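So the chains spell out like this:
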Amino acid sequence: MIIFIMICTVILLGVAQFISRRENLRRLYVEFSADSTLTEPDESVTLRFTVHNTGRWPVLYAGLSLQLDPEVLICEDEEWMSRHANRDFLGTRIDFHFYLLPYRKFSGKIRIAFRERGVYELGRYYLERGDFLGLNPVIVSGFPDVRIVCTSRRCELPELQTFGGYLGDVPVQRFILDDPSMLKGYREYTGREPMKQISWMQTAKTGQLTVRQNDFTVDRNVSILVNMESAPLPVLEHCMELLRSVCEELEEQHVPYALYSNGDLFSVNEGLGRSHVFYIQRRIGLSRLGAIYSFTRLVDRYVRHPRENSSCIIITPVRSEAVEASLPRLRRCSCRDPHVLCGGEKNQ
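Predicted model, so just to flag it, every value in this text is computed and none were measured.

Evaluation of the coordinates by the stated rule reveals 12 salt bridges. With a shortest N-O distance of 3.8 Å, Glu249 and Arg154 are connected by a salt bridge. A residue pair is termed long-range when its members are at least 10 positions apart, and Glu249 in helix H4 (residues 233–253) and Arg154 in the loop between strand S12 (148–150) and strand S13 (170–171) qualify at 95 residues.

Here's what the structure looks like:
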């Protein structure tokens with residue numbers, strides 16, 4: 001009887017071992033995601049991962065290792081680091097070991113940060129699955145399908161002039177018929193307004209004569225011209241810091257702005273708001289700090305189609321002859337004198 005039980009046990013173990021080896025990693029896969037694809041230096045980002053077991057058999061042993069690049073900083077406490085982190089000459093390796101029942105998943109997260117501006121692919125992952133007896137583990141590797149862009153730091157700026165705001169300060173050209181886009185609100189009819197100002201729809205709603213109140217001023221806007229001609233790397237990096245800081249300053253002042261550059265920042269149409277500054281900061285992080293054509297050509301393209309009521313901010317590595325020569329031309333098509341910020345002058 002004992003021999004029969006032992007034989008049956010061996011047969012069952014053999015069947016379980018055969019099935020577990022046959023499964024391999026076909027039913028086991030991992031997904032990665034990040035809570036933000038745009039960050040700044042030393043700001044933590046949460047990287048999440050989920051290992052799925054879509055098979056009908058349990059995985060008694062599974063392991064996930066993530067080999068992070070040396071530029072990636074881990075923002076976890078010492079206890080977490082002692083349990084999961086291992087450092088070697090390739091960087092930092094994060095290890096997780098677990099088991100999975102059929103149709104279940106295992107999730108975890110890692111808080112990471114980056115030292116410098118740039119684009120980060122994170123590293124390489126290794127997913128391991130052991131067979132039933134632990135004799136022939138199978139490992140598959142790949143790259144997390146997550147790319148995180150790190151924009152520049154914010155720096156101190158010299159005092160910028162007030163360029164506009166919510167109500168504007170430049171009178172617009174008046175026409176016989178009012179522009180409906182200038183509608184500011186409604187108020188009660190006093191008898192001094194022309195009949196064409198009466199809003200009959202609002203009058204019907206309120207039961208008394210109501211007139212349209214228009215805002216006959218427009219906002220000033222800003223054009224940011226970025227010169228990316230050849231310069232030492234630290235100087236160009238500081239130009240990116242200036243650009244980010246200027247954009248955020250204009251956002252705080254609620255001034256619409258557009259970006260023009262002669263490099264791989266390219267140009268961004270006028271806008272304002274979270275999505276607008278997000279797009280520019282992403283461009284800053286993706287930039288390789290390369291110029292495509294000269295600053296003189298950039299000014300030529302700008303003055304050919306100047307924007308009305310616009311002020312100019314020039315961000316340049318140095319105040320070169322080309323920049324000095326462009327100032328009179330920009331002054332003629334701007335409502336204020338151009339403001340020059342130099343990346344080579346940290347205290348300006």
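What follows continues from the structure just given.
A contiguous nonpolar patch, built from Met195, Trp200 and Leu209 and spanning about 340 Å² of accessible area, is present on the exposed surface. Here Met195 lies in the loop between strand S14 (183–188) and helix H3 (200–206).

We now examine the packing of aromatic side chains. In this structure the tally under the stated criterion is 7 aromatic pairs. Here Phe49 and Phe106 contribute two aromatic rings whose centre-to-centre distance is 6.2 Å and whose plane-to-plane angle is 45 degrees, an arrangement assigned as tilted. Of this pair, Phe49 sits in strand S3 (residues 45–53) while Phe106 sits in strand S8 (residues 104–114), placing them 57 residues apart in sequence. Chaining the aromatic ring pairs together yields one cluster made of Phe49, Trp80, Phe96, Phe98 and Phe106.

The end-to-end C-alpha separation of helix H5 (residues 274–286) is 18 Å, in line with the 18 Å expected for 13 residues at 1.5 Å each. At its buried positions, H5 is contacted by strand S2 (38–39), strand S9 (118–120), S12, H4, strand S18 (257–261) and strand S19 (268–271).

If you check which residues of helix H7 (residues 321–332) are buried, you get Val323, Ser326, Leu327 and Leu330. In an axial view of H7, the angular spread of the buried residues amounts to 130 degrees, which keeps them on one side of the axis. Looking at H7, the residues exposed on the side facing more than 90 degrees away from the buried face are Glu321 and Arg332. Buried positions along H7 lie against strand S17 (221–226), helix H6 (295–304), strand S20 (310–316) and strand S21 (339–342).

Bringing the nonpolar core into the picture now. Residues Val51, Ile94 and Ile112 are the most contacted members of the largest nonpolar core, which totals 31 residues. Ranked by residues supplied to this core, first place goes to strand S4 (residues 59–68) with 5 residues. Contact partners of Ile94, with chain neighbours within four places excluded, come to Leu64, Ser65, Leu66, Leu68, Ile74, Trp80, His84, Ala85 and Ile110. Within the second largest apolar cluster, 25 residues are counted, among which are Leu236, Leu265, Ile313 and Leu341.

Taken in spatial order, the 3 strands make up an open sheet running S2-S12-S9, and their pairing is mixed. The open sheet has two edge strands, S2 and S9, and neither has a second partner. By the bridge criterion, 2 bridges tie S2 to S12 in an arrangement that is parallel. Note on S12: the bridge partner recorded for Thr39 is Cys150. Here H5 sits on the sheet in contact with S2, S9 and S12, set at roughly 90 degrees to S12.

As a further point, take the packing of H4 against H5. For any two helices packed against each other, the geometry comes down to the angle between their axes and how far apart the axes lie. Running from amino to carboxyl end, H4 crosses H5 at an angle of 175 degrees, the nearest separation of the two axes being 10 Å. In terms of axis orientation, H4 runs roughly antiparallel to H5. Residues Met240, Leu243, Arg244, Cys247, Glu248 and Glu251 of H4 form the contact with H5, whose own contacting residues are His276, Val277, Ile280, Gln281 and Ile284. In terms of residue class, the contact of H4 with H5 is made up of 6 nonpolar, 2 polar and 3 charged.

A few words now on the packing of H6 against H7. Where H6 contacts H7, the two axes come as close as 10 Å, and the packing angle between them is 10 degrees. Relative to H7, the element H6 is oriented roughly parallel. Across the interface between the two elements, Phe295, Thr296, Val299, Asp300, Tyr302 and Val303 from H6 touch Ala322, Val323, Ser326, Arg329 and Leu330 from H7. When the residues that make up the contact of H6 with H7 are grouped by side-chain class, the tally is 7 nonpolar, 2 polar and 2 charged.

About the criteria used
Residues numbered from 1 in each chain as written. Predicted model: local features only at pLDDT ≥ 70, side-chain atom pairs only at ≥ 80, totals over all residues. Heavy atoms only, no water. Salt bridge = Lys/Arg side-chain N within 4 Å of Asp/Glu carboxyl O. Helix = DSSP H or I, 4+ residues; strand = E, 2+ residues; numbered from the N terminus. Patch = residues over 30% accessible without salt bridge, like charges linked within 9 Å, V, L, I, M, F, W, Y side chains within 5 Å. Areas by Shrake-Rupley, 256 points an atom, 1.4 Å probe, with all protein chains shown as cover. Phe/Tyr/Trp six-rings, centres within 6.5 Å; stacked < 30°, edge-to-face > 60°. Expected span 1.5 Å × (residues − 1). Contact = heavy atoms within 4.5 Å. Buried < 20%, exposed > 50% of the residue type's maximum accessible area, 1.4 Å probe, protein only. Arc of directions from axis to C-beta. Core = buried A, V, L, I, M, F, W, Y, C linked by side-chain atoms within 4.5 Å. Pairing = 2+ DSSP bridges. Axes fitted to C-alpha atoms, helices over the stretch in contact; angles between N-to-C directions. Parallel < 35°, antiparallel > 145°, perpendicular 65-115°, else oblique. Nonpolar A, V, L, I, M, F, W, Y, C, P; charged D, E, K, R; others polar.

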